[in-house]
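For reference, the chains in residue letters:
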Amino acid sequence: MTKEDEKQLGQEGIVDLEEPKKMTREDWRKKKELEEQRKLGNAPAEVDEEGKDINPHIPQYIASVPWYIDPSKRPTLKHQRPQSEKQTEFSAIGDWYKRGKSVATKYRKGACENCGAMTHQKKDCLERPRKVGAKFSGTGIAPDEHQQIQLSMDYDGKRDRWNGYDPDEHMRIVEEYSKVDLAKRTLKAQKLQEELATGKLMDQTVIHPLPLLLFLQEREHNSEDEDEDKYADDIDMPGQNFDSKRRITVRNLRIREDIAKYLRNLDPNSAYYDPKTRAMRENPYSNTGKNPEEVGYAGDNFARYTGDTISMAQTQLFAWEAFDRGSDVHLQADPTKLELLHQSFKVKKEDFKEKQKESILEKYGGQEHLDAPPRELLLAQTEDYVEYSRHGAVIKGQEKAVARSKYEEDVLINNHTCIWGSYWKDGSWGYKCCHLLVKQSYCTGEAGKKTGRTANCQYDVHGVSPQMHQEKMKEKKKSKKHKKKDADSSDEEDESKKKEKLKRALTAEDQRLKQVAEMMQIDERKRPYNSLKEVREPTEEEMEAFRMKRSRPDDPMASFLNQ
């Protein structure tokens, strides 16, 4: 190298280390124009030392290189990128701790003569010296020691749930399921062979007019579908669509047949509908005057404060109060204990109120004011406003409900439009819709009314024809005449007849008592009804027999009656 070259290099080094010279106004203007052209895309972008383009829109305070990094002031963005020497190195995704110990069964060349491990020699072995080493005995080979690697995980690596997962485990599961599938197929093939041998399959092909090959294919396809979807038979319900082929359940937002909440009342001043939560707290029909129990939807609060919701909230409140007082109860942990405790608390509270009430009445009196009838009966007026029309129909307000019995009412059977007992004629009950007097008969409508005389003349309620009824009436009239004629007859004949009638009545009473005893032994829910039985006035003899057979608990001789 010549002296001129050394001088030039020295001058360049001095120039590089010197402070940047102040740019002239012309150079500054040219630099700004070049930057504008680069931003507009008319001039090529600046290139760094690695050949990458530098974005011209990057601000100067980011793109300018500090003097302590690169004194040459070359265009670069290396100072803004992460420095490799300052970056922490993390373990690779495949690195993990060694699992299990591979134990050799034979002695390996170069292993420890004492224990048989490959990781040390006999002089470094820490195991007790054996009488016969593993080299000569070939048994009791110790596992090789290995030191676990130190893993350095980043943020995602520490939280990776598949870290250290061995894909061979999944392959074992796949192989197991393939074996089960193969076993199923072999069993099906065996069953087919048995059915072909016994002839059952040929009978089924006769029933199904399909070729044998198509029938077998369809049967195999159906059996596979049954195996796959045996738990998805009853899953199709309102609000869900189940596709057995794709095995997905699509949850609809609401049933399409239902009316949307915001369409129930289009009045803008009605109940507020929250579109985010799809909730309508208040009753949308509150301004219309409809009863909340009659409409199909009365708001979310109506459903929230009906049924067992209120009792559930009261039970929860009682559990909190009891826990504050030292009782270890919880609604979800021990609901049975809490329910029993709540019931006993209610009983004790009622008893306490009753005792307090009795003590106040004993001290101050005033029981007669509590026994008075209700105010409605005393003053014959209430504060319930009811407005009626000219015809008696309720316009505004609500009438009191009609008292109903525990038995079934207004039950229409056999096509009748009226109940039994809505028609009365000649001392017999019947149906008003068809004027039939036979109970549990089939309704004939207007045609039955027209032919009602002939139909009702055939049989009465008790199944007796009118001719027999007339004969009985004649006999009764004759008997009355005979009684008048024989009024002067001897008293002995009357007494004998009375005794015979009394004997008959006593035997009938005994039979009735036996029948009553048998009926009392039967469960009351299984006892038959006596609605079709004839009801008549008892005779004097029957009344006398009833009095004689009646049991009197206060009679000292009651135990000797049936002896």
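Residues numbered from 1 in each chain as written. Predicted model: local features only at pLDDT ≥ 70, side-chain atom pairs only at ≥ 80, totals over all residues. Heavy atoms only, no water.

### Considering the packing of aromatic side chains
Within this structure, the stated rule accounts for seven aromatic pairs. Aromatic pair F318 and F345: ring centres 5.1 Å apart, planes at 35 degrees, arrangement tilted. Taken as a pair, F318 in helix α10 (residues 309-324) and F345 in helix α11 (residues 335-364) lie far apart in primary sequence, 27 residues in all. Note on F318: relative accessible area 11%, which makes it buried. Sitting over the ring of Y155, R159 keeps its end group 3.7 Å from the ring centre. (Phe/Tyr/Trp six-rings, centres within 6.5 Å; stacked < 30°, edge-to-face > 60°. Helix = DSSP H or I, 4+ residues; strand = E, 2+ residues; numbered from the N terminus. Buried < 20%, exposed > 50% of the residue type's maximum accessible area, 1.4 Å probe, protein only. Lys NZ or Arg CZ within 6 Å of the ring centre and 35° of its normal.)

### A look at the side chain of T315
Inspection of the secondary structure puts T315 in helix α10. The residues contacting T315, other than those within four sequence positions of it, are L331, L338, E339 and H342. (Contact = heavy atoms within 4.5 Å.)

### Focus on the nonpolar core
F318, A319, A322, V329, L331 and L338 together form the largest nonpolar core, which totals six residues. Here this core takes three residues from α10, the largest share from any one element. Not counting residues up to four positions away in its chain, the partners in contact with A322 are S327 and V329. (Core = buried A, V, L, I, M, F, W, Y, C linked by side-chain atoms within 4.5 Å.)

### Some details on a positive patch on the surface
The grouping of K472, K474, K476, K477, K478 and K480 at the surface amounts to a positive patch. Structurally, K474 can be placed in helix α16 (residues 466-485). Judged by its relative accessible area of 54%, K474 is exposed. (Patch = residues over 30% accessible without salt bridge, like charges linked within 9 Å, V, L, I, M, F, W, Y side chains within 5 Å. Areas by Shrake-Rupley, 256 points an atom, 1.4 Å probe, with all protein chains shown as cover. Salt bridge = Lys/Arg side-chain N within 4 Å of Asp/Glu carboxyl O. Lys, Arg positive; Asp, Glu negative; His and termini not counted. Charge placed at Lys NZ, Arg CZ, Asp CG, Glu CD.)

### Description of the state of the cysteines
Scanning the model with the defined rule gives zero disulfides in all. Among the cysteines around C115, which has no disulfide bond, C125 carries the closest sulfur, lying 3.7 Å off. Judged by relative accessible area, which is 2%, C115 ranks as buried. (Disulfide = S-S within 2.5 Å.)

### A few points about the packing of α10 against α11
Put simply, α10 and α11 touch, their axes get as near as 10 Å, and they point 90 degrees apart. Taken as axis vectors, α10 and α11 run roughly perpendicular relative to one another. Across the interface between the two elements, Q314, T315, F318 and A319 from α10 touch L338, E339, L341, H342 and F345 from α11. Considering only residue class, the contact of α10 with α11 consists of five nonpolar, three polar and one charged. (Axes fitted to C-alpha atoms, helices over the stretch in contact; angles between N-to-C directions. Parallel < 35°, antiparallel > 145°, perpendicular 65-115°, else oblique. Nonpolar A, V, L, I, M, F, W, Y, C, P; charged D, E, K, R; others polar.)

### Thoughts on the side chain of T76
Along the chain, T76 turns up in the loop between α3 (60-63) and α4 (134-137). With a relative accessible area of 6%, T76 lands in the buried category. A polar contact is formed between the side chain of T76 and the side chain of E49, at a distance of 3.0 Å. There is a polar contact of 3.0 Å between the side chain of T76 and the backbone nitrogen of K78. When near neighbours in sequence (up to four residues on either side) are disregarded, T76 contacts D48, E49, I54, A63 and V65. (Polar contact = N/O pair within 3.5 Å; in protein donor to acceptor, adjacent residues only side chain to side chain.)

### Some points on a nonpolar patch on the surface
Taken together, the side chains of I259, Y262, L263 and L266 present a nonpolar region at the surface, about 450 Å² in accessible area. As for its position among the elements, L266 is in the loop between β4 (248-251) and α9 (300-304).

### Thoughts on the confidence of the model for the chain
Atomic detail in the predicted coordinates should be set aside for any region of low pLDDT. On average, residues of the chain score 78 in pLDDT, and 77% of them reach the 70 mark or higher. Scored below 50 in pLDDT, residues 229-240 makes 15 contacts in the model with residues more than four places away or belonging to other chains. Here residues 455-464 is a poorly scored stretch, pLDDT under 50, and it has 14 contacts once near neighbours within four places are set aside; other chains count. (pLDDT = per-residue confidence, 0-100.)

### Some thoughts on unusual backbone geometry
Unusually for a residue other than glycine, R278 sits at a positive phi of about 55 degrees. Among the secondary structure elements, R278 is positioned in the loop between β4 and α9.

### As for the environment of R29
Tracing the backbone shows R29 in helix α2 (residues 25-40). One polar contact links R29 to E33, side chain to side chain, over a distance of 2.9 Å.

### Examining helix α6 (residues 167-198)
Taking 1.5 Å per residue, 32 residues should reach 46 Å; α6 reaches 47 Å between its end C-alpha atoms and fits that length. Where α6 terminates, the next one or two residues include G199, which has phi positive at roughly 95 degrees. (Expected span 1.5 Å × (residues − 1).)

### So, the environment of G140
Structurally, G140 is set in the loop between α4 and α5 (155-158). As for G140 and V103, which are separated by 37 residues in sequence, their C-alpha atoms are 9.6 Å apart. Non-local contacts of G140, meaning those with residues more than four positions away in its chain, are made with C115 and R130.

### Considering a negative patch on the surface
A surface patch of like charges, here negative, comprises E350, D351, E354, E358 and E362. Along the polypeptide, E350 turns up in helix α11. Look at E350 and you get partly exposed, because its relative accessible area is 45%.

### Topic: the pattern of salt bridges
Two side chains with opposite charge may pair up if their charged atoms get near one another. Applying the stated criterion to the full structure yields 15 salt bridges. Between R172 and E169 there is a salt bridge, with its nearest N and O atoms 2.5 Å apart. On the criterion of helical spacing, the pair formed by R172 and E169 is a turn pair, its members being three residues apart in helix α6. The exposure class assigned to R172 is partly exposed, which follows from its relative accessible area of 46%. D181 is the salt-bridge partner of R185, the closest N and O atoms lying 3.8 Å from each other. You can see R185 and its partner D181 sitting in helix α6, four residues apart, about one turn around the helix. In this structure R185 comes out as partly exposed when scored by relative accessible area, which is 43%. Salt bridges sharing partners connect three or more residues here, namely E26, R29 and E33.

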